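Next come the chains, spelled out residue by residue.
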Amino acid sequence: MHERTKTHLDLFSGIGGFAIAARRAGYQTVAFCEQDRFCQRVLERHWRGVPCIEDVHDLNGKDYEGVTLLTGGFPCQPYTLYGKRRGEDDDRALGGEMVRVISEARPTWALGENVAGFETLGLDRMLSDLEGLGYAVQTFRIPAIAVDAKHQRDRVWIVAHSNSLDVQGRGADQDKEGRQGSHQGSSGLCGGGAKWDAEPDVGRVAHGIPKRVDRL
């Protein structure tokens, strides 16, 4: 592989949203990690020949050491307001596994995503763990409205860089207060605020169906 190729390792891949964005940005996805069989079939169809590890616990990050970008929208069920919010006591809380893979693969960049409820049930620990690995970390709360969707749907994004300086040139252990303040809102991303007086009803309530949180 050419040394200048930008490579991408995708955890909790779903049907490949991160990989689509990575491809458009010039990255080559080298592996997926996804246990859902339907999603696996979608990934195989659109990224033929790219390996897919089924269980994140079986993924050895050292096999992908030096990858440029590692992404992961780790399971939200332990943190979502629609669930029991058991946090790290939930066996679906796999943010720690993502940090483990980062510690082994040592990517230049790591990008994580989860629901806003993660801010109070795991974010501080993840930030501390990543900083302990030598990463400069910044967090953002970005709502769906920021990309012209018709509902709020806040998401927390964790951006980590292996350099000793973050993308704004500050030291990794400088301005932690500023880092914490970065997920207090995103009116600047929304062009100054919401485009309507009240969030519209988009029919997100579902009762008596399997996999309720997934379908929401």
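Residues numbered from 1 in each chain as written. Predicted model: local features only at pLDDT ≥ 70, side-chain atom pairs only at ≥ 80, totals over all residues. Heavy atoms only, no water.

(A) Examining the side chain of Ser13 more closely. Examined against the element boundaries, Ser13 turns out to sit in the loop between β1 (6-11) and α1 (17-24). Here Ser13 is in contact with Phe32, Cys33, Glu34 and Leu43, once residues within four sequence places are set aside. (Helix = DSSP H or I, 4+ residues; strand = E, 2+ residues; numbered from the N terminus. Contact = heavy atoms within 4.5 Å.)

(B) Highlighting the packing of helix α3 (residues 95-105) against helix α4 (residues 123-132). At a minimum axis distance of 11 Å, the contact between α3 and α4 shows a crossing angle of 10°. In terms of orientation, α3 lies roughly parallel with respect to α4. In this structure, α3 uses Gly95, Val99 and Ile102 to contact α4, whose residues at the interface are Met126, Asp129 and Leu130. The residue inventory of the contact of α3 with α4, partitioned by class, reads four nonpolar, one polar and one charged. (Axes fitted to C-alpha atoms, helices over the stretch in contact; angles between N-to-C directions. Parallel < 35°, antiparallel > 145°, perpendicular 65-115°, else oblique. Nonpolar A, V, L, I, M, F, W, Y, C, P; charged D, E, K, R; others polar.)

(C) Region of the structure containing unusual backbone geometry. Positioned with a positive phi, Phe12 is a non-glycine residue whose angle comes to about 50°. Tracing the sequence through the fold places Phe12 in the loop between β1 and α1. Within the chain, Arg106 stands out as a residue other than glycine whose phi angle is a positive 50°. Tracing the sequence through the fold places Arg106 in the loop between α3 and β5 (109-115). On the accessibility criterion, Arg106 (34% relative accessible area) is partly exposed. (Buried < 20%, exposed > 50% of the residue type's maximum accessible area, 1.4 Å probe, protein only.)

(D) Representation of the sheet that holds β5. Within the open sheet, the seven strands sit side by side as β3-β2-β1-β4-β5-β7-β6. Their pairing is mixed. At either end of the open sheet lies a strand with only one pairing partner, and these are β3 (52-53) and β6 (136-142). Pairing of β6 with strand β7 (residues 155-161) involves seven bridges; the strand directions are antiparallel. Residue pairing across strands places Thr139 opposite Ile158, the latter belonging to β7. In the packing of α1 onto the sheet, contacts are made with β1, β2 (27-33), β4 (69-72), β5 and β7, and the angle to β1 comes to roughly 170°. (Pairing = 2+ DSSP bridges.)

(E) Molecular detail of the pattern of salt bridges. Overall, the coordinates contain six salt bridges when judged by the stated rule. Across the pair Arg100 and Glu104 runs a salt bridge whose closest N-O atoms are separated by 3.0 Å. Within this pair, Arg100 and its partner Glu104 are both found in helix α3, separated by four residues, close to a single helical turn. On the accessibility criterion, Arg100 (22% relative accessible area) is partly exposed. (Salt bridge = Lys/Arg side-chain N within 4 Å of Asp/Glu carboxyl O.)

(F) Molecular detail of the state of the cysteines. Scanning all chains against the criterion turns up zero disulfides. Looking at Cys52, it has no disulfide partner, and the nearest cysteine sulfur is the one in Cys33, 6.7 Å off. With relative accessibility at 32%, the residue Cys52 sits in the partly exposed group. (Disulfide = S-S within 2.5 Å.)

(G) Summary view of the confidence of the model for the chain. Overall, the predicted model of the chain reaches an average pLDDT of 79, with 70% of residues at or above 70. Within the chain, the lowest mean pLDDT, 44, falls on helix α5 (residues 176-181), and the highest, 98, falls on β2. Across residues 164-196, where pLDDT falls below 50, the model places 49 contacts with residues more than four positions away in sequence or in other chains. (pLDDT = per-residue confidence, 0-100.)

(H) Expanded view of α4. Buried within α4 are the following residues: Leu123, Met126, Leu127, Leu130 and Glu131. The buried residues of α4 occupy one face: seen down the axis, they fall within an arc of 130°. Summarising the geometry of α4, the exposed residues directed more than 90 degrees from the buried face are Arg125 and Gly132. Phi for Gly134, located one or two positions after α4, is positive at around 95°. (Arc of directions from axis to C-beta.)

(I) Quick peek at the nonpolar core. Of all hydrophobic cores here, the largest spans 32 residues; its most connected members are Leu9, Leu11, Leu130 and Ile158. Those elements that place two or more of their residues in this core are β1, β2, α3, β5, α4 and β7. It is α3 that contributes the most residues to this core, five residues altogether. Apart from residues lying up to four places away in sequence, Leu11 is in contact with Cys33, Leu59, Leu70, Thr71, Gly72, Gly73, Met98 and Val101. Counting five residues, the second largest nonpolar core, distinct from the first, contains Phe32, Leu43, Trp47 and Val50. (Core = buried A, V, L, I, M, F, W, Y, C linked by side-chain atoms within 4.5 Å.)

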